[in-house]
Number of protein chains: 2
Amino acid sequence: MEIKVLKNVLDRNNNIAEKNRELLRIKNTVMINMMSSPGAGKTTILEKTIPLLKEKYSVGVIEGDAYTSKDALRLKKFNIPVVQINTEGACHLDSNSIYEACKELDLEKLDIIFVENVGNLICPAAFDLGENIRVAVLSTTEGEDKPSKYPMVLRDSKVVILNKTDLLPHLVFNKKEFINDILAVNPHINLFEMAANLDSGISEWVDWLMQWRLRVGDR
Amino acid sequence: MEIKVLKNVLDRNNNIAEKNRELLRIKNTVMINMMSSPGAGKTTILEKTIPLLKEKYSVGVIEGDAYTSKDALRLKKFNIPVVQINTEGACHLDSNSIYEACKELDLEKLDIIFVENVGNLICPAAFDLGENIRVAVLSTTEGEDKPSKYPMVLRDSKVVILNKTDLLPHLVFNKKEFINDILAVNPHINLFEMAANLDSGISEWVDWLMQWRLRVGDR
């Protein structure tokens, strides 16, 4: 019975996600769904990415948080549209909250929308938002065992970022095991190593994003 | 409608949690529910805590993970009973899974059961397992903003552990803000600072645990 209820929730979510996807396609806006544990560095990566992207593209952000609008405030300084969704304790964003947030954005003028999902490696992966791609962020400090323990977030991601590589000298972290476990789940994923706080690895990731955005724009 | 379904789920969970609590009371076994983000250090803390506790108490562990039994394998070396619960993608433990796990343990012989919950700062807090106390583990690397963004996990916790203090020299971390935000949510919480990998802060925490266990045993 409980499984049936969950299936209905997911079916409804998928229907609205398709609506979002079609809307974004018509407006030629792409949506990137960023997922990670709490504190893996999603907001810092966006703080470093947005100024570079802004040279060529107009960018907006939808911020998902259980409570507070702290992350949205950190991104407001770039003079870009930022919409905050507070889930009030729910552990993931869903397509309906994205549908509502999109109403607050002028999609006609936006090339790229980043969605910063709620900090959680599990449930966000089950909820299609209508995004074009998913990006999983893992932090070196979480340990090399996370890809095997939380494969869901990697399965449908186009990119995985290993963040906080500046802390590697102070950690026990088996990078070979980490990469092998990622590739076992998703052999076609693009891996970027990054220390976003120090700008390390940002340009490679932004180059990739720009090239990907060009390809998508061609269609 | 969806809210009603969730309320039913929580009501059912609370009923079984009460059953667990009564069973544990009769057996004079205490249960400690450990909650954190992925990779904050719950298993490492248990690896350092169990050998010290074992000198006076018999200890068992219930391991919750979405997938794999990696953490359970890390604890098997202490020759203690360890029961693995794989939630198969669910983001939290519930009281029924604990009820089933308890059947695999000889409660008569156990003084303390640690429950290592699924790595997630949100949903585990909503599900009473029948535990005596909750312990929240936060890591310095997650940033000082987590208590205000994820207050749920702190609200009913008896203890909060700030782990990975050995990395503080390499991080930007406002400890004053961190502590103020914790106390704003839960003024009576006990805070322990720890670098579990280096054994720093372990003895203070174990001393507290032993004294708390004594007090509970008196009742």
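What you are looking at is a predicted structure, and each value in this text was computed from that prediction instead of being measured.

Tell me about the interface of chain A and chain B, and name the residues and values.
Contacts between chain A and chain B engage 37 residues on the former and 37 residues on the latter. A combined buried area of about 2800 Å² lies between chain A and chain B, and 58% of that area is made up of carbon and sulfur atoms. The three residues of chain A that bury the most area against chain B are Pro-38, Lys-70 and Lys-149 of chain A, which together make up 20% of that side's buried surface. Run the count over chain A and chain B and you get 8 salt bridges. A salt bridge links Lys-149 of chain A to Asp-65 of chain B; the shortest N-O distance between them is 3.5 Å. Of all the secondary-structure elements, those providing two or more residues to the side of chain A that touches chain B are helix H1 (2-27), helix H3 (70-76), helix H5 (146-149) and helix H7 (175-185) of chain A.

Describe the relation of the copies chain A and chain B, with residues and values.
When chain A is fitted to chain B, the residual RMSD is 0.0 Å, and the transformation amounts to a turn of 180 degrees plus an axial shift of 0.0 Å. The superposition operator between the copies reduces to a two-fold rotation axis. Most of the interface of chain A is mirrored in chain B, where 100% of its interface residues are also at the interface.

Help me get a handle on the pattern of salt bridges, residues and values and all.
Residue and element names in this part refer to chain A. Tallying each qualifying case throughout the model produces 33 salt bridges over all chains. Across the salt bridge formed by Arg-21 and Glu-18, the nearest N and O atoms sit 2.7 Å from each other. Residue Arg-21 and its partner Glu-18 are both found in helix H1; the two are separated by 3 residues, about one turn of the helix. The residue Lys-175 makes a salt bridge to Glu-193 at a minimum N-O spacing of 2.8 Å.

Provide a residue-level description of helix H4 (residues 95-103) of chain A, including the pertinent values.
Each α-helix winds once per 3.6 residues, and so residues spaced three or four apart point in a common direction. Among the residues making up H4 of chain A, those that are buried are Ser-95, Ser-97, Ile-98, Ala-101 and Cys-102 of chain A. Across the axial projection of H4 of chain A, the buried residues extend over an arc of 155 degrees, all falling on one side.

Tell me about the sheet that holds strand E6 (residues 159-163) of chain A, residues and numbers included.
By definition, the strands of a sheet pair up through backbone hydrogen bonds, in either a parallel or an antiparallel sense. All names here are of chain A. A sheet is described by the order of its strands in space; here 7 strands give the open sequence E3-E2-E4-E1-E5-E6-E7, paired in parallel fashion. Both edges of this open sheet fall to strand E3 (82-86) and strand E7 (190-193), since each of them pairs with a single strand only. If you compare each strand with its neighbour and ignore which way they point, the axes differ by 20 degrees on average. When E6 meets E7, the two strands line up parallel, connected through 4 bridges. Each bridged residue has a counterpart across the sheet, and for Val-160 the counterpart in E7 is Leu-191. Contacting strand E1 (30-36), strand E2 (59-65), E3 and strand E4 (112-116), H4 crosses the sheet at an angle of about 145 degrees to E3.

Quick one: what's the story with the sheet that holds strand E3 (residues 82-86) of chain B, residue by residue and with numbers?
Residues and elements named next belong to chain B. The sheet built from 7 strands is open, its strands ordered E3-E2-E4-E1-E5-E6-E7 with parallel pairing. Each edge of the open sheet is held by one strand with a lone partner, namely E3 and strand E7 (190-193). Between one strand axis and the next, the sheet turns by 20 degrees as a mean value, whatever way the strands run. Against the sheet, helix H2 (residues 42-53) engages strand E1 (30-36), strand E2 (59-65), strand E4 (112-116), strand E5 (133-139) and strand E6 (159-163), with an angle of about 170 degrees to E4.

Please set out the packing of aromatic side chains residue by residue, giving values where relevant.
Applying the stated rule across the entire model yields 8 aromatic pairs over all chains. Measuring from ring centre to ring centre gives 6.2 Å for Phe-192 of chain B and Trp-205 of chain B, while their planes differ by 70 degrees; the resulting arrangement is edge-to-face. Linking Phe-192 of chain B in strand E7 with Trp-205 of chain B in helix H8 (residues 202-218), this pair joins segments that are 13 residues apart in sequence. For Phe-192 of chain B, a relative accessible area of 12% corresponds to the buried category. Plain terms: the ring middles of Trp-208 of chain B and Trp-212 of chain B are 6.2 Å apart, the flat faces sit at 0 degrees to each other, and that makes the pair stacked. Linking Trp-208 of chain B with Trp-212 of chain B, this pair stays in helix H8, spanning 4 residues, or about one helical turn. Trp-212 of chain B shares its class with Trp-208 of chain B; the two are buried. Chaining the aromatic ring pairs together yields one cluster made of Phe-192, Trp-205, Trp-208 and Trp-212 of chain A. Directly above the ring of Tyr-99 of chain A sits Lys-19 of chain A, whose terminal nitrogen or CZ lies 4.5 Å from the centroid.

Describe the nonpolar core, with residues and values.
The biggest cluster of nonpolar side chains holds 70 residues, and the ones touching the most others in it are Ile-62, Ile-98 and Ile-113 of chain A together with Ile-62, Ile-98 and Ile-113 of chain B. Setting aside residues no more than four positions away along its own chain, Ile-62 of chain B makes contact with Met-31, Val-83, Ile-85, Ile-98, Ala-101, Cys-102, Leu-105, Ile-113, Phe-114, Val-115 and Glu-116 of chain B.

Lay out unusual backbone geometry in plain terms, naming residues and giving numbers.
Of note in this structure, Asp-199 of chain A is not a glycine but carries a positive phi near 70 degrees. Position of Asp-199 of chain A relative to the elements: it lies in the loop between E7 and helix H8 (202-218). Of note, Asn-79 of chain B is a non-glycine position whose phi angle comes to about 55 degrees, a positive value. Tracing the backbone shows Asn-79 of chain B in the loop between helix H3 (70-76) and E3.

Before we move on, could you go through the environment of Val-153 of chain B and cite the residues and values that matter?
Residues and elements named next belong to chain B. Inspection of the secondary structure puts Val-153 in helix H6 (residues 152-155). Owing to a relative accessible area of 1%, Val-153 belongs among the buried residues under this scheme. Between the alpha carbons of Val-153 and Asn-174 there is a distance of 20 Å; along the sequence they are 21 residues apart. Setting aside residues up to four positions removed in sequence, Val-153 forms contacts with Met-35, Leu-121, Ala-125 and Ala-136.

I'd like to hear about the pairing of E5 of chain B, residue by residue, with values.
Residues and elements named next belong to chain B. Most of E5 sits out of view: 7 of its 7 residues are buried. Every second residue of E5 is oriented toward a common face, with Ile-133, Val-135, Val-137 and Ser-139 on one face and Arg-134, Ala-136 and Leu-138 on the other, all of them buried. Inspection of the sheet shows E1 paired to E5 by 5 bridges, in the parallel sense. Opposite Met-34, over in E5, you have Val-135 as the bridge partner. By the bridge criterion, 5 bridges tie E5 to E6 in an arrangement that is parallel. The partner of Ser-139 across the bridge, within E6, is Asn-163.

Thresholds, definitions, all that
Throughout, residues of each chain are indexed from 1 in the direction in which the sequence is written. The lettering of chains begins at A and the numbering of ligands begins at 1, in the order of writing. Predicted model: local features are reported for residues with pLDDT of at least 70 only, side-chain atom pairs are reported and counted for 80 or more only, and whole-chain, interface and lining totals are derived from all residues. Processing note: side-chain calculations cover all non-hydrogen atoms of the structure and skip hydrogens and water entirely. We call two residues in contact when some of their heavy atoms are within 4.5 Å. Put simply, buried area is how much 1.4 Å-probe accessible surface two parts lose in total, over both of them, once they are put together. Salt bridge criterion: a side-chain nitrogen from Lys or Arg within 4 Å of a carboxyl oxygen from Asp or Glu. Per the convention used, a helix needs a DSSP run of H or I reaching at least four residues, while a strand needs a run of E reaching at least two, with both numbered from the N terminus. Least-squares fitting of one copy onto the other uses the C-alpha atoms of those residues that reach a pLDDT of at least 70 in both copies. Type-normalised accessible area, obtained with a 1.4 Å probe on protein chains alone, sets the label of each residue: buried when under 20%, exposed when over 50%, and partly exposed for intermediate values. Directions from the helix axis toward the C-beta atoms define the arc. Two strands qualify as a pair provided DSSP detects at least 2 bridges between them. Think of each axis as a best-fit line through the C-alpha atoms, taken over the contacting stretch in the case of a helix, with angles from 0 to 180 degrees between the N-to-C directions. What counts as a ring pair is set by centres within 6.5 Å for rings of Phe, Tyr and Trp (its six-membered ring), and what kind of pair is set by the plane angle: stacked under 30 degrees, edge-to-face over 60, tilted for all other angles. When the NZ atom of lysine or the CZ atom of arginine is within 6 Å of a ring's centre and also within 35 degrees of its normal, the charge is said to sit over that ring. Note on terminology: a nonpolar core comprises buried Ala, Val, Leu, Ile, Met, Phe, Trp, Tyr and Cys residues joined through side-chain atoms within 4.5 Å.

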